[in-house]
Amino acid sequence: MQYRGVLLIAILAALSVHCGSSDEEPATPAADSGTDSAATDGGAESSTPDGGQDGETPEAATDGSPEAAPGDAAPEAAPDAEPEAGANVGVEWTVRYQNDTAEIMTGINSVAYSSTLGLHVAVGVGGRMLTSTDGITWTPLTPAPTTSELKAVACSGPLFVAVGAWSMAMKPTLLTSTNGTSWTEQNPGNLPTGKVLNALNAISYVNGKFFASNGGEILYSTDGVAWTYRPDLTGQSLGPVFWSGSKYIAVGTYGVILVSPDGDAWAKPTTGSDLGYNLSGVAKIGSTLVATGQANQVLVSTDDGQNWTKASTNELTTNLGAPVSIGSQLVLVGSSGLVQTSPDGTNWTKQTSPATNNLNGVIWTGTRLVAYGYSGGMPGFIMTSP
């Protein structure tokens, strides 16, 4: 279905991650939904996941050192404020990775960055992964830790959590790693009798918890191993959960918006939900929450997510991934290589982009923007600013 297909705009993924800082609003207002959270593969024109996993425990790719137990990895302390970006960040971009061999790394769905490890991890189709210490040089992880499609990755401190699905089995894929190279399969568990998950489409780390979503359902965990299940909250697929500083917010297909004070009890806002177009993700600039998505949709809220209105935007002419805050500006990417920046979530400026392919999402590491997606024939694509 067209609505769900476009959703993998960033709902089935966005926002990917900078682990080592918090999504909580810093002293200089600039919440970042890509900080300590990971987007789904939210770019333009992606397919809705068809669910599942191979049912077997995949072999972990090793780097010669044993992996620590995921439950032992404590989240890294958050800094007092998020670093501000330089003047050219989001404006000048350089292609860093463009693989012409689809068998090595097909479309990239999500990227996360751990400042604790100084490591980026990119995930995509066929369980492929790439790693990078600087965001410039990327190395395929061989062998891949799974054959499932990995939809999203997030991290907290040294702990990465990747989620996805395998089309040949009705089970979700959930992997953890404390070094980004050796991965262990986990079982979401704690599900009601008879309940079967067939995919996990998005994951983020916000306010001390990992949040994963499967359709309209949400699971959360503090360690990536033990998960608490929240029953079907909506009939629509949800993207990565965002933390506003006082509330959790999730958006998804057909414009659904859910708000929660604690991650357990969720409700639709007073106005602005279910407007019909898929939403990719949420970011915050100053005191304004901004949600973006399909067909140039930009919604804003100035009362912490309780009421949303359509922004009167300019220069937006395509499907939009989830926005990310870099301090005094928002940045988003989208179909056909789109890059846009905004100081307020309403007025947007189209930037020159070296990409012509669809971009699934962008993250802010604190010093660099990393945008990712795919190009012709679906090979992976990564560009950075600076």
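Provided above is the structure to which this section pertains.
What you are looking at is a predicted structure, and each value in this text was computed from that prediction instead of being measured.

Rules used throughout
Residues numbered from 1 in each chain as written. Predicted model: local features only at pLDDT ≥ 70, side-chain atom pairs only at ≥ 80, totals over all residues. Heavy atoms only, no water. Pairing = 2+ DSSP bridges. Helix = DSSP H or I, 4+ residues; strand = E, 2+ residues; numbered from the N terminus. Axes fitted to C-alpha atoms, helices over the stretch in contact; angles between N-to-C directions. Phe/Tyr/Trp six-rings, centres within 6.5 Å; stacked < 30°, edge-to-face > 60°. Buried < 20%, exposed > 50% of the residue type's maximum accessible area, 1.4 Å probe, protein only. Lys NZ or Arg CZ within 6 Å of the ring centre and 35° of its normal. Contact = heavy atoms within 4.5 Å. Polar contact = N/O pair within 3.5 Å; in protein donor to acceptor, adjacent residues only side chain to side chain. Salt bridge = Lys/Arg side-chain N within 4 Å of Asp/Glu carboxyl O.

### Concerning the sheet that holds strand 15 (residues 217-221)
One open sheet holds the four strands; their spatial order is 13-14-15-16, and the pairing between them is antiparallel. What marks the edges here is a single partner per strand, and that holds for strand 13 (202-206) and strand 16 (228-230). Sheet twist, expressed as the average angle between the axes of neighbouring strands with direction ignored, equals 20°.

### Describing the packing of aromatic side chains
Inspection of every chain in the model, using the stated rule, returns five aromatic pairs. With centroids separated by 6.3 Å and ring planes inclined at 50°, the aromatic side chains of Phe 160 and Trp 183 adopt a geometry described as tilted. Of the two residues, Phe 160 sits in strand 10 (residues 159-165) while Trp 183 sits in the loop between strand 11 (172-177) and strand 12 (184-185), which places them 23 residues apart along the sequence. What makes Trp 183 buried here is its relative accessible area of 2%. Here Phe 211 and Tyr 248 contribute two aromatic rings whose centre-to-centre distance is 4.9 Å and whose plane-to-plane angle is 50°, an arrangement assigned as tilted. Taken as a pair, Phe 211 in strand 14 (residues 209-214) and Tyr 248 in strand 18 (residues 248-251) lie far apart in primary sequence, 37 residues in all. Among the residues examined, Phe 211 registers a relative accessible area of 1% and is labelled buried. Three or more aromatic residues link up through ring pairs in this structure, and these residues are Phe 211, Tyr 220, Trp 243 and Tyr 248. In this structure, Lys 209 packs its charged tip against the face of Tyr 220, placed 4.4 Å from the ring centre.

### Re the sheet that holds strand 17 (residues 242-243)
Pairing between the strands of a sheet is mediated by backbone hydrogen bonds and can be parallel or antiparallel. Reading across the sheet, the three strands line up as 17-18-19 and stay open at both edges, with antiparallel pairing between neighbours. Looking along the sheet, the strands with just one partner apiece sit at the ends: strand 17 and strand 19 (257-260). Both strand 17 and strand 18 contribute to a ladder of two bridges, which runs antiparallel. Considered in strand 18, the bridge of Trp 243 is made with Tyr 248.

### So, the pairing of strand 19
Taking every second residue as pointing to the same face, both faces of strand 19 are buried, with Ile 257 and Val 259 on one and Leu 258 and Ser 260 on the other. Between the antiparallel neighbours strand 18 and strand 19 lie five residues, among them Tyr 254 with a positive phi of about 55°.

### With respect to unusual backbone geometry
The residue after Thr 142, namely Pro 143, is reached through a cis peptide bond having omega -5°. With respect to the element layout, Pro 143 can be found in the loop between strand 8 (139-140) and strand 9 (149-156). Ser 385 connects to Pro 386 through a cis peptide bond whose omega is -5°. For Pro 386, the position within the fold is in the segment after strand 30 (380-385). A positive phi angle is found at Asn 207, which is not glycine, with a value near 50°. Along the chain, Asn 207 turns up in the loop between strand 13 and strand 14. Positive phi outside glycine occurs at Tyr 254, with the angle close to 55°. Its place among the elements puts Tyr 254 in the loop between strand 18 and strand 19.

### Topic: the environment of Trp 266
Looking at the element boundaries, Trp 266 is found in the loop between strand 19 and strand 20 (279-285). Given the relative accessible area of 13%, Trp 266 is considered buried. Residues Trp 266 and Leu 233, 33 residues apart in the sequence, show an inter-C-alpha distance of 7.2 Å. Aside from chain neighbours lying at most four places away, what touches Trp 266 is Phe 211, Ile 218, Leu 233, Val 241, Tyr 248, Ile 249, Ala 250, Leu 258, Val 259 and Ser 260. Within polar-contact distance, the side chain of Trp 266 engages the backbone oxygen of Gly 263 at 3.0 Å.

### Concerning the pattern of salt bridges
Applying the stated rule across the entire model yields three salt bridges. Taking the shortest distance from any N to any O, the salt bridge between Glu 149 and Lys 151 comes out at 3.2 Å. For Glu 149, a relative accessible area of 21% corresponds to the partly exposed category. The class for Lys 151 is buried, based on a relative accessible area of 2%. A salt bridge links Arg 230 to Asp 264; the shortest N-O distance between them is 3.8 Å. With Arg 230 in strand 16 and Asp 264 in the loop between strand 19 and strand 20, the pair connects residues that are 34 residues apart, well separated along the chain.

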